[in-house]
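# Observations on the model geometry
Read off the chains here:
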Amino acid sequence: MIPQIDLTDAEDKALREVLSNGLKGYNDEKIGLHDRQDLTIRVTDPETGEPIGGLVGRTSLGMLFIDLVYLPKSLRGTGTGSRILALAEEEGRRRGCSKAVLFTISFQAPDFYKKLGWQVFGEIAPKPPGATRVYLTKDL
């Protein structure tokens, strides 16, 4: 059989599920441990109950992965970011994680994470200039 291969810029939730389930099965087979769990911290507007920011990530095989963090400008510098990051780290420890990893972009928040004990372990500087990806880790 020769498979058909297609490239697209469209989101494909069914494909994402096939890939995720395939990797979970492979990992279970090789390691015998399936501990992957999503992690979501939701920041909501107290008046509307609508989400305005937060954090999404996951834990897997002893690692906390922080995928996305966002807060609106009105909440930056208020301690909210530190609180949600501390919650994620605490939950990672509760789930048995000993390490955490994330990446940010040089114009986003590398100094924020460094202030909270995260350490840079790599940088990639693609074009355009000023958009360096900064990879950080933290012992939990």
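The structure contained in this document is the topic of the report that follows. Note that the coordinates shown come from a computational prediction; the quantities given were computed from them, not determined experimentally.

## Describing the overall build of the protein chain
Helices and strands together make up the secondary structure of the protein chain, namely three helices and six strands. When the helices and strands of the protein chain are placed in sequence order, the string is α-β-β-β-α-β-α-β-β. Referenced to the eigenvectors of the C-alpha coordinate spread, the extents of the protein chain come out at roughly 55 × 40 × 40 Å. Of the contacts formed within the protein chain by residues at least 6 apart in sequence, a portion of 49% connects residues at least 24 apart. Carbon and sulfur atoms provide 54% of the accessible area of the protein chain, an area that totals close to 10100 Å².

## Some remarks on the packing of aromatic side chains
Centre-to-centre distance and the angle between the planes together describe a pair of aromatic rings. Per the stated rule, a full pass over the model turns up four aromatic pairs. Each member of the aromatic cluster is reached from another via a ring pair, and the members are Phe 103, Phe 121 and Tyr 135. The ring centre of Phe 65 lies 4.4 Å from the NZ or CZ of Arg 58, which sits over that ring.

## Quick notes on the sheet that holds strand β3 (residues 63-70)
A sheet is described by the order of its strands in space; here six strands give the open sequence β1-β2-β3-β4-β6-β5, paired in mixed fashion. Looking at the sheet topology across the chains shown, the edges are occupied by β1 (37-44) and β5 (119-124). Averaged over all adjacent pairs, the angle separating strand axes in this sheet is 20°, with direction ignored. Two elements, strand β2 (residues 51-60) and β3, share seven bridges in a ladder whose sense is antiparallel. Residue Ser 60 lies in a different strand from β3, and its bridge partner there is Met 63. Together, β1, β2, β3 and β6 (133-139) form the strand contacts of helix α2 (residues 80-94), whose direction differs from that of β1 by roughly 155°.

Scoring rules and cut-offs
- Residues numbered from 1 in each chain as written.
- Predicted model: local features only at pLDDT ≥ 70, side-chain atom pairs only at ≥ 80, totals over all residues.
- Heavy atoms only, no water.
- Helix = DSSP H or I, 4+ residues; strand = E, 2+ residues; numbered from the N terminus.
- Contact = heavy atoms within 4.5 Å.
- Areas by Shrake-Rupley, 256 points an atom, 1.4 Å probe, with all protein chains shown as cover.
- Phe/Tyr/Trp six-rings, centres within 6.5 Å; stacked < 30°, edge-to-face > 60°.
- Lys NZ or Arg CZ within 6 Å of the ring centre and 35° of its normal.
- Pairing = 2+ DSSP bridges.
- Axes fitted to C-alpha atoms, helices over the stretch in contact; angles between N-to-C directions.

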